[in-house]
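So you can see what is in the structure, the chains are spelled out below.
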Amino acid sequence: MLTVAVALGVAQLMAGITGPLGSPVVAIGSIAISHTPEPVKEFAIAHFGSRDKDALISGIVAILTGAAAVTGVLALKWLRAGLAVLAVFGAAGVAAAVTSPQATGTSALPTLAGIAAGAAALILLTRSARVALGSPSPLVTAAEAGAATGELAPLAGGTAPERPAAPGPERPGPPGPVRGPDRRRFLITGASAVAVAAASGGAGELILGRFNVAASRAAVRLPAPAVAARAVPAGAQLPISGLSPFMTPNSRFYRVDTDLVVPQVAPEDWTLRIDGMVSRPVEITFSELLKMPLTEADVTLVCVSNVVGGPYAGNARWLGVPLAGLLRRAGVQAGADQVLSSGTDGMTISTPLAAIMDGRNALVAVGMNGQPLPVTHGFPARMVVPGLYGYTSATKWLTRLTVTTFARRRAYWTQRGYAAVAPIKTESRIDVPKPLAQVKAGRVPVAGVAWAPHRGISAVEVSVDGGPWRAATLAAADGIDTWRQWAWAWDATPGLHSLRVRAADGAGAVQVSKEAAPFPDGASGWDSVVVTVT
């Protein structure tokens, strides 16, 4: 286990020099994400939420720790076997690093440095442990103590045999416990390994700070929009405690992606390339993007992993360049039906060309709620396309737009069985009261949000204990691309009650009741909560 600590610490130090993606834990974790079955991914997102990546890293470290303990026992008997196991783990780390979509010529160096340091630690620790195990026990027997000092052990009758007195100075009494000096050597070696692991790992974390683009983001000044969003209607926010705010703060906006390390892209290094089935391939820098006429739009985004009543939906005011204008600048060729967007993290997302060109506010966004995009949400630029689940529209850390066809190219998630085209389903959620809440009898507010981006919400209804549907009051609408708050006053009577909600979109189509899991094109069903009225 000390060997693995040294290996990971030194690898982290080297990753601080070459880049965070070379860390073996990150590299192996990224491979694990790519090859994890979809049901397992959905389970992790549903149960761990935004902590799913922390859970994965903890699992990898736990596996390494268990394997290290077994390897250590093996190495005490056969050092070469222990080194061989270490080499196998090293090979796995190197393979993961060099096959990453963001691999560079130095990606394998952190793992190689860590394995070399780990091998040296294993040899030193094993040798000192072997010697320590062969030294005298800390507490020796009386016979061993006598042998060590020249005294004779007592006979069976309890008396020691006569022995002529030897001339010379008076000898000391029976010795105290004897400590093995080689055990001390092992403890010193082990403590040194801990120090190396802690120092190198800590230094690596400090050096990794140089890859952080927080300062570059803070220096960005967003220009005023050429097309400003209208002011949010005063009645869009209902005064009910516990209700999701109409505008989701950046710090509370959901995050679902496949990145163990958030990409750090400096705006001065960023470019967007538009290629594929276009007449004029285009390449745009960040400064050029900011000089273009910008559009502001309020849009609700929803993740396909969101279960019925789940938290992976958020509403924000986005600022960006209209995507349709950029594609017209490149000259889209006849026959194209897909835009395959790519992020700097290697993610690819497929968006129907028609959904970009039909007049909706599809943007290459640079701002979110009046600020430059947060790094975790795609800084310096990302895609936002109203009405489509994020896995078909919301590429973060955007660097490339390839105009192509669905028949010719498949994106990351469609390769894994998700639907190629996925409009967001009409959904509604109960925010108040919370599940299993206890409320007082009498007038109780029931409230939440409903969404059907690019179609809008026309009605919300609530049912108590399977009874008739009652119309809820809708908050003011801020266009068809955002969610809408709703509320209903319930005359609650004592007992255990179940509340259900359903919505209708702008065309009057009612939210379906049939329950479906998020895979392959989004969850469906009616949200419900059980509460106790006292």
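Computed from a predicted structure; not experimentally measured.

**Some words on the overall build of the protein**
Point 1. Scanning the protein from terminus to terminus reveals 12 helices and 19 strands.
Point 2. In the protein, 76% of the contacts between residues at least 6 apart in sequence involve partners at least 24 apart.
Point 3. Only carbon and sulfur atoms are counted for the fraction: they give 62% of the accessible area of the protein, which is about 25,000 Å².

**Observations regarding the sheet that holds strand β14 (residues 457-464)**
What links the strands of a sheet is backbone hydrogen bonding, and the strands pair in either a parallel or an antiparallel sense.
Point 1. Spatial ordering of the open sheet is given by β12-β19-β18-β14-β15, a layout of 5 strands whose pairing is mixed. Edge strands, defined here as strands with exactly one partner in the open sheet, are β12 (438-439) and β15 (470-471).
Point 2. As defined by bridge partners, strand β18 (residues 495-505) adjoins strand β19 (residues 527-533) across 7 bridges and the pair is classed as antiparallel. Counterpart to Leu 496 in the pairing with β19 is Thr 532.

**Side note on the packing of aromatic side chains**
Point 1. Here the structure, examined in full by the defined rule, presents 11 aromatic pairs.
Point 2. Ring centres 4.8 Å apart and planes at 80° place the aromatic pair Tyr 412 and Trp 413 in the edge-to-face group. Across the pair, exposure class does not vary: Tyr 412 and Trp 413 are buried alike.
Point 3. An aromatic cluster is defined as three or more aromatic residues linked by ring pairs; in this entry it consists of Tyr 391, Tyr 412, Trp 413, Tyr 418 and Phe 519.
Point 4. Taking NZ or CZ as reference, Arg 416 lies 3.6 Å from the ring centre of Tyr 412, over its face.

**Quick notes on the side chain of Thr 426**
Point 1. Locating Thr 426 in the fold gives a position in the loop between β10 (398-404) and β11 (427-432).
Point 2. A distance of 3.0 Å separates polar atoms of two side chains, one belonging to Thr 426 and the other to Arg 455.
Point 3. Apart from residues no more than four positions distant in its own chain, Thr 426 is found in contact with Trp 451, Ala 452, Arg 455, Ile 457, Ala 503, Ala 504, Asp 505 and Gln 511.

**Comments concerning a nonpolar patch on the surface**
Point 1. A surface patch of nonpolar side chains, amounting to about 300 Å² of accessible area, comprises Ile 17, Leu 206 and Ile 207.
Point 2. Residue position: Ile 207 is located in helix α8 (residues 181-208).

**Side note on the pattern of salt bridges**
Working definition: two side chains of opposite charge can pair if their charged atoms are close together.
Point 1. As enumerated under the stated definition, the model contains 13 salt bridges in all.
Point 2. Among the salt bridges present, the one from Lys 396 reaches Asp 257, with a minimum N-O distance of 3.0 Å. Linking Lys 396 in the loop between β9 (382-384) and β10 with Asp 257 in the loop between α9 (214-218) and β1 (271-276), this pair joins segments that are 139 residues apart in sequence. Across this residue pair, the class does not change: Lys 396 and Asp 257 are buried.
Point 3. Between Arg 455 and Asp 505 there is a salt bridge whose closest N-O contact spans 3.2 Å. Here Arg 455, found in the loop between β13 (442-451) and β14, pairs with Asp 505, found in strand β18; they are 50 residues apart in sequence, far enough to count as distant.
Point 4. When salt bridges with common partners are traced through the structure, they connect Arg 273, Asp 275, Glu 283 and Arg 400 into a single cluster.

**Some details on empty space enclosed by the protein**
Point 1. Applying the stated rule across the entire model yields 1 cavity of 30 Å³ or more.
Point 2. As for the largest cavity, its lining consists of Val 302, Cys 303, Val 304, Asn 306, Val 307, Val 308, Gly 309, Tyr 389, Glu 427, Trp 451, Gly 522 and Ala 523.
Point 3. Looking at the lining of the largest cavity residue by residue, the classes come out as 8 nonpolar, 3 polar and 1 charged.

**A word on the confidence of the model for the protein**
Point 1. Here the protein averages 87 in pLDDT, and 88% of its residues register 70 or above.
Point 2. Low pLDDT (under 50) marks residues 135-166, which in the prediction has 26 contacts with non-local residues, meaning those over four places away or in another chain.
Point 3. Throughout residues 175-180 the model reports pLDDT below 50, and contacts reaching past four residues in sequence, or to other chains, amount to 12 contacts.

**Considering helix α11 (residues 323-330)**
Point 1. Restricting attention to buried positions, one finds in α11 the residues Leu 323, Ala 324, Leu 326, Leu 327 and Ala 330. On an axial view of α11, the arc spanned by its buried residues comes to 160°, and they lie on one face.
Point 2. One or two positions beyond α11, positive phi appears at Gly 331, with a value near 80°.

Conventions we followed
Residues numbered from 1 in each chain as written. Predicted model: local features only at pLDDT ≥ 70, side-chain atom pairs only at ≥ 80, totals over all residues. Heavy atoms only, no water. Helix = DSSP H or I, 4+ residues; strand = E, 2+ residues; numbered from the N terminus. Contact = heavy atoms within 4.5 Å. Areas by Shrake-Rupley, 256 points an atom, 1.4 Å probe, with all protein chains shown as cover. Pairing = 2+ DSSP bridges. Phe/Tyr/Trp six-rings, centres within 6.5 Å; stacked < 30°, edge-to-face > 60°. Buried < 20%, exposed > 50% of the residue type's maximum accessible area, 1.4 Å probe, protein only. Lys NZ or Arg CZ within 6 Å of the ring centre and 35° of its normal. Polar contact = N/O pair within 3.5 Å; in protein donor to acceptor, adjacent residues only side chain to side chain. Patch = residues over 30% accessible without salt bridge, like charges linked within 9 Å, V, L, I, M, F, W, Y side chains within 5 Å. Salt bridge = Lys/Arg side-chain N within 4 Å of Asp/Glu carboxyl O. 1 Å grid on protein atoms, 1.4 Å probe; cavity = no way out; pocket = protein on both sides within 12 Å on 5 of 7 lines; lining within 4 Å. Points joined across faces, edges and corners; volume = space filled by probe spheres on them. Nonpolar A, V, L, I, M, F, W, Y, C, P; charged D, E, K, R; others polar. pLDDT = per-residue confidence, 0-100. Arc of directions from axis to C-beta.

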